[in-house]
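Analysis of the macromolecular model
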Amino acid sequence: MPSYLADYHTHTHLSGDSKSQLLENLNAACQAGIPELCMTEHWNLLNQRGERLPTHYDFDAVLNQWAALKDDWAHRVEVRVGIELGNSTVDTAAVQACLNFPELDFVIGSLHSVSLDLGGIGIFTYAKSCTDPQRANAVLEDYIRQMEELVEVGTFDVLGHIIYPLRYFSPDFHLTLDPWQDRLDEILRRVIHSGKGIELNTTQGTTVRQWLPLLTRYRELGGEILTLGSDAHRPQFIGAGFQEAAQMLQHLGYRYVCTYRQRKPQFHSIR
Ligand SMILES: [Zn+2]
Ligand SMILES: [Zn+2]
């Protein structure tokens, strides 16, 4: 039997930056042999310009989309309700008050923006106009500090795309997270200690190898709770890079990948 490689980071048109329909994602999952996907729409507390966004999220549209398809698809692709929270530490209390309902299986904690101290603008936007490696490193420092704050309050099940800023800065800067390794180790220890996890986010299949140092370290520190996510914003990227990711995880000594039910990890062997 093949490994159970569920896609736990997917977007539909309910995220502002995707046009996908859930039905298209389910068809794509079926074709790619993905047995389960979790809808993780964006709920960002800051936009790319650094403006604050609502601290309340109305899950009705997500739940309606899910309810309309889940039963028909149950024997082909299981579909679950999640959310990708962006910069939730802007208002942790308000966010937590919205997450208390039984259909919610999974929460990704992401940081898409620099802190309000640095203006709150999107890391993507910041990186595009950044011509100075020193400023890039200041963003990384700020990013690590925000992640420390996030693991402190714990408003997530897995930390989203930890290597996110490295996606967008110029490759000429040769940025790595190495200068923050000690603090990153402590972040990973806290994640492990609190029974939470991290995700291997393939960025639509393009960044699997970039995860090698971080996943090596997470395993060395005893990390086991890990989800796989394509971050597909288009149907054709559902499950992208998962075979390569599974091979890498096996090579590093991981025995499981996780799905979630009502915020609790479920372990599936990687074979
Ligand atoms: Zn994200
Ligand atoms: Zn995402």
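In case you missed it, the structure is sitting above this.
Below or above, wherever it landed, is the structure these notes cover. (Residues numbered from 1 in each chain as written. Chains lettered and ligands numbered in written order. Predicted model: local features only at pLDDT ≥ 70, side-chain atom pairs only at ≥ 80, totals over all residues. Heavy atoms only, no water.)

Notes on the pattern of salt bridges
Rules: Counted as salt bridges are all cases of a side-chain nitrogen of Lys or Arg within 4 Å of a carboxyl oxygen of Asp or Glu. Here a strand is any run of E in DSSP of at least two residues, a helix any run of H or I of at least four, and the numbering for each starts at the N terminus. Here the term buried applies to any residue with accessible area under 20% of the maximum for its type, exposed to any over 50%, and partly exposed to those in between, with areas from a 1.4 Å probe on protein chains only.
Overall, the coordinates contain 17 salt bridges when judged by the stated rule. Across the salt bridge formed by Arg189 and Glu186, the nearest N and O atoms sit 3.1 Å from each other. Taken together, the residues span about one helical turn, with Arg189 and Glu186 both in helix H6 (residues 181–193) at a distance of three residues. Owing to a relative accessible area of 36%, Arg189 belongs among the partly exposed residues under this scheme.

Some points on the coordination of the zinc ion (ligand 2)
Basically, it comes down to this: Ligating atoms shown are N, O and S within 2.8 Å of the metal, or 3.2 Å for Na, K and Ca, and water is not included, meaning a site may look less than complete. Geometry assignment treats four donors as tetrahedral when all angles are between 85 and 135 degrees, treats four as square planar and six as octahedral when opposite donors are over 155 degrees apart and all others between 65 and 115, and treats everything else as irregular.
Looking at the metal site, the zinc ion (ligand 2) is ligated by His9 (NE2), His11 (NE2), Glu84 (OE) and Asp231 (OD), spaced 2.1 to 2.3 Å from it. Every donor counted, the four donor atoms about the zinc ion (ligand 2) form angles of 82 to 169° at the centre, which fits irregular coordination. Read in sequence order, the donor residues coordinating the zinc ion (ligand 2) give the pattern H-x1-H-x72-E-x146-D. The metal-metal distance between the zinc ion (ligand 2) and the zinc ion (ligand 1) is 3.4 Å, with Glu84 coordinating both. Here Asp231 lies in the loop between strand S7 (226–229) and helix H8 (242–251) and His11 lies in the loop between strand S1 (7–10) and helix H1 (22–32), a separation of 220 residues in the sequence. In this structure His11 comes out as buried when scored by relative accessible area, which is 0%.

Regarding the coordination of the zinc ion (ligand 1)
Surrounding the zinc ion (ligand 1) are the protein donor atoms Glu84 (OE), His112 (NE2) and His161 (NE2), which sit 2.0 to 2.1 Å from the metal. Spacing between the donor residues of the zinc ion (ligand 1) along the chain follows E-x27-H-x48-H.

Focus: helix H2 (residues 60–73)
For clarity, the cut-off: Expected span of a helix, by definition, is 1.5 Å for each gap between consecutive residues, and there is one gap fewer than residues. Note on bend: at a given residue it equals the angle between the axes fitted to the 7 residues ending there and to the 7 starting there. In this description, contact between two residues means that some pair of their heavy atoms is separated by no more than 4.5 Å.
For H2, which comprises 14 residues, the first-to-last C-alpha distance of 20 Å matches the rise-based estimate of 20 Å (1.5 Å per residue) to within 8%. A maximum bend of about 30° is found in H2 at Ala67. Here H2 has its buried residues at Val62, Leu63, Gln65, Trp66, Leu69 and Trp73. Against the buried residues of H2 lie H1, strand S2 (36–44) and strand S3 (78–86).

Some details on the pairing of S7
Test applied: In this scheme, strands are said to pair when DSSP sees at least two bridges between them. With strands facing away from the observer, any crossover in which the path from the first strand over the helix to the second runs clockwise is taken as right-handed.
Of the two faces of S7, the one carrying Leu226 and Leu228 and the one carrying Thr227 and Gly229 are both buried. Inspection of the sheet shows strand S6 (residues 197–201) paired to S7 by four bridges, in the parallel sense. Paired with Leu200 across the two strands is Leu228, which belongs to S7. Tracing the backbone out of S6, into helix H7 (residues 212–220) and back to the parallel element S7 gives a crossover that is right-handed.

Quick word on the pairing of strand S4 (residues 104–110)
Of all seven residues in S4, seven are buried, a share of seventy percent or more. As judged from the six bridges shared by S3 and S4, these two strands associate in the parallel manner. Across the sheet, the residue bridging to Val81 is Leu104, located in S4. With helix H3 (residues 92–98) bridging S3 and the parallel S4, this β-α-β connection has right-handed handedness.

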